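One-letter residues, chain by chain:
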Amino acid sequence: MSWRGLQNKDQLVVLALCRFAEPLANTSILSYLYYLLRSFDPDASPSVLSARAGYVAVSFALGQFCSGAFWGKTSDRIGRKPVIMIGTAGTVVASVALALSSKLVHVVLARFIAGLLNGNVGVMRTMVSEIVPKGPNRGRAFLILPMCFNIGSIVGPILGGFLSEPNSPNSSLRWLVSTLGLTNFFERYPFALPNLASAAILLNSWLLAWALLRETLTHPAGGYELVAEGESHRSRTRLLTPLVRWTLFAFALLPLHVSSHMQLLPIFLSLPVGQSSGLLSFTGGLGFTASQVGMVISVAGGIGIILQLFVFPRVQDKVGTMGCYRWGMPVFVIAYVVTPFLSRLGHRGTLAWALIFPLTFLAVLARTFVGPCSVVLLNDSCEDPTQLGAVNGLGQSLSSLSRVIGPLSASTLLAWGQNHGCVGIAFWFLAIEASLGFITAGKLKSMS
């Protein structure tokens, strides 16, 4: 089967455009987060800024953890489309709030609200499952949402790096800001422009969903029903079968290290070049600027799109969903183990640039293969279609919890390693988590 064989392509396109806007808003902050936090406290050390970046990263995921299951169950009652529109509108408000933030607590609160009001990822996965039935093309359909994430990961960091600090002498927007009389505003909020641009793009996505997105919930949404206690217990039993429980565990384990790596890498690249005193004893990063960090992240997104369009479908046809999922895990381990050693090359700019892209390629390769397969496995583990929204909502909540624990622990380890001469410990801990994912994949294979 090919991309042309996908059913309901018009609705998949609308979903894709709505999904694209969210990672664009969420990844644009990565390119300037270190410098945003430094603007609040210029005297803070790199290790302190690394830890604070972790607080910002987990605030969004914490909000999603608190509300993910709620939005999933709500979508089973009132429909998928209303929940998506509420989530997109909430992200618009949060983006404007982030633009006007002047303290760390403001940034954390804005990101938390963005996560709390947004359950779109799980609901969109449910819609894809309802739009495209089980069959050989389902893997391609579930690839669309992560593909949009990669596209957003390209545009977002470029947007963030280009639009941040428009008053700076090196900014090509300085003359425009001065002409429009906005110099004082952007002097006070130097990182507002990327977030205001994200809010505008998200608003367009909301209008698109309102006008073109069709509801996919087929069973009646009749409000609340009174059910007997025994029936409620049987419903939970049908929902959380052994296969669903193990698949949820694997689903939550993946973002534990993937989100941590996505958080660690920009901070690691931004850290000043450090010193090394032994094979495993070294500190610092590569000393990249915000625009250079944005370039690395954008290139990674471009690599992901190429892999998703031309490589993943062919490999999946040959080795299957479980094969792609299981054998992508060791690739994560290689990327995580080797990446921190680049800090030993921080003073050799050309060599560091030459090596960062192959290592980024490995991480993106693994993410491209494992991510969509984990979503397919989760949806296929649910035997009751009336519980599909609840399963995806629960999956999003657990995934969000992982994106709280993972980046927070990883940034703490990075700060500890920076202070104790072992900055690589945070990355090596991710390698252990990915190894556990490989073991879990073996368990799922035996149960499927």
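Model, not experiment: these values are computed from the prediction.

Draft legend 1. Quick look at the packing of aromatic side chains. Taken as a whole and assessed by the stated rule, the structure comprises 15 aromatic pairs. Centre to centre, the rings of Tyr32 and Phe191 are 5.2 Å apart; their planes meet at 15 degrees, and the pair counts as stacked. A residue pair is termed long-range when its members are at least 10 positions apart, and Tyr32 in the loop between helix 1 (9-28) and helix 2 (33-40) and Phe191 in the loop between helix 9 (183-188) and helix 10 (192-212) qualify at 159 residues. The same class applies to Tyr32 as to Phe191, namely buried. On the basis of an interplanar angle of 70 degrees and a centroid distance of 5.3 Å, the ring pair of Phe268 and Phe427 is categorised as edge-to-face. Of the two residues, Phe268 sits in helix 12 (residues 242-270) while Phe427 sits in helix 16 (residues 425-447), which places them 159 residues apart along the sequence. A relative accessible area of 0% places Phe268 in the buried class. An aromatic cluster of three or more residues is present, and its members are Phe185, Phe186 and Tyr189.

Draft legend 2. Focus on the confidence of the model for the protein. In the predicted model, the protein carries a mean pLDDT of 84, and 92% of its residues have values of at least 70. Of all the helices and strands in the protein, helix 11 (residues 229-239) carries the lowest mean pLDDT, 51, while helix 4 (residues 80-99) carries the highest, 93. In the predicted structure, residues 220-233 sits below a pLDDT of 50 and forms five contacts with residues beyond four places in sequence or in another chain.

Draft legend 3. Representation of the environment of Ala366 within the structure. With respect to the helices and strands, the residue Ala366 is situated in helix 14 (residues 349-381). Its relative accessible area of 1% is what places Ala366 among the buried residues. As a C-alpha pair, Ala366 and Gly304 span 62 residues in sequence and 9.6 Å in three-dimensional space. Discounting chain neighbours no more than four positions away, the residues touching Ala366 are Gly328, Val331, Phe332 and Gly371.

Draft legend 4. Representation of unusual backbone geometry in the model. Of note, the phi angle at Glu165 is positive, near 50 degrees, even though the residue is not glycine. By secondary structure assignment, the location of Glu165 is in the loop between helix 7 (138-163) and helix 8 (174-179).

Draft legend 5. Spatial organisation of the pattern of salt bridges. Throughout the structure, instances matching the rule amount to four salt bridges. Arg214 is paired through a salt bridge with Asp10; the nearest N and O atoms lie 3.2 Å apart. You can see Arg214 sitting in the loop between helix 10 and helix 11 and its partner Asp10 sitting in helix 1, a full 204 residues away along the chain. By relative accessible area, which is 43% here, Arg214 ends up partly exposed. Note on Asp10: relative accessible area 41%, which makes it partly exposed. The residue Arg80 makes a salt bridge to Asp76 at a minimum N-O spacing of 2.7 Å. The same class applies to Arg80 as to Asp76, namely buried. Among the ionic contacts, a cluster of salt bridges with common partners joins Asp76, Arg80 and Glu130.

Draft legend 6. Summary view of the packing of helix 1 against helix 6 (residues 120-131). Viewed as axis vectors pointing N to C, helix 1 and helix 6 meet at an angle of 165 degrees, and their least axial separation amounts to 11 Å. Comparing their axes, helix 6 and helix 1 come out roughly antiparallel. Helix-helix and strand crossings are classified by hand; for helix 1 and helix 6 the assignment is left-handed. Contact residues: Gln11, Leu12, Leu15, Cys18, Arg19 and Glu22 in helix 1; Asn120, Val121, Met124, Met127, Val128 and Ile131 in helix 6. Split by residue class, the contact of helix 1 with helix 6 holds eight nonpolar, two polar and two charged.

Draft legend 7. Here's a closer look at the packing of helix 15 (residues 388-420) against helix 16. Between helix 15 and helix 16, whose axes approach to 7 Å, the crossing angle comes to 140 degrees. The orientation of helix 15 with respect to helix 16, classified from their angle, is oblique. Listed contacts from helix 16 to Ala410, Leu413, Leu414, Trp416 and Gly417 of helix 15 are Ile425, Ala426 and Phe429. Of the residues in the contact of helix 15 with helix 16, the class split is seven nonpolar, one polar and no charged.

Draft legend 8. Structural context of the nonpolar core. Core analysis: the biggest nonpolar cluster contains 64 residues, and Leu33, Leu264, Leu269, Tyr325, Phe332, Tyr336 and Leu342 have the highest contact counts within it. Of the residues forming this core, the biggest block, 12 residues, is contributed by helix 13 (residues 290-338). Once residues within four sequence positions are removed from consideration, Phe332 is found in contact with Leu254, His257, Val258, Ala363, Ala366, Arg367, Val370 and Ala434. Core analysis: the next-biggest nonpolar cluster, separate from the first, contains 32 residues, Val83, Ile84, Val244 and Phe251 among them.

Draft legend 9. Focus on a nonpolar patch on the surface. Taken together, the side chains of Val96, Leu100, Trp175, Leu176, Leu180, Leu182, Phe185 and Leu196 define a hydrophobic patch exposed on the protein surface, amounting to about 680 Å² of accessible area. One can find Trp175 in helix 8.

Draft legend 10. Geometry of the environment of Ser75. Here Ser75 shows up in helix 3 (residues 46-78). The exposure class of Ser75 is buried, given its relative accessible area of 0%. Distance from Ser75 to His261, taken between C-alpha atoms, is 31 Å for residues 186 residues apart in sequence. Here Ser75 is in contact with Arg80, Val83, Val123, Leu217 and Gly389, once residues within four sequence places are set aside. A polar side-chain atom of Ser75 sits 2.7 Å from the main-chain carbonyl oxygen of Gly72.

Cut-offs applied
Residues numbered from 1 in each chain as written. Predicted model: local features only at pLDDT ≥ 70, side-chain atom pairs only at ≥ 80, totals over all residues. Heavy atoms only, no water. Phe/Tyr/Trp six-rings, centres within 6.5 Å; stacked < 30°, edge-to-face > 60°. Helix = DSSP H or I, 4+ residues; strand = E, 2+ residues; numbered from the N terminus. Buried < 20%, exposed > 50% of the residue type's maximum accessible area, 1.4 Å probe, protein only. pLDDT = per-residue confidence, 0-100. Contact = heavy atoms within 4.5 Å. Salt bridge = Lys/Arg side-chain N within 4 Å of Asp/Glu carboxyl O. Axes fitted to C-alpha atoms, helices over the stretch in contact; angles between N-to-C directions. Parallel < 35°, antiparallel > 145°, perpendicular 65-115°, else oblique. Left-handed = near helix turned anticlockwise from the far one by under 90°. Nonpolar A, V, L, I, M, F, W, Y, C, P; charged D, E, K, R; others polar. Core = buried A, V, L, I, M, F, W, Y, C linked by side-chain atoms within 4.5 Å. Patch = residues over 30% accessible without salt bridge, like charges linked within 9 Å, V, L, I, M, F, W, Y side chains within 5 Å. Areas by Shrake-Rupley, 256 points an atom, 1.4 Å probe, with all protein chains shown as cover. Polar contact = N/O pair within 3.5 Å; in protein donor to acceptor, adjacent residues only side chain to side chain.

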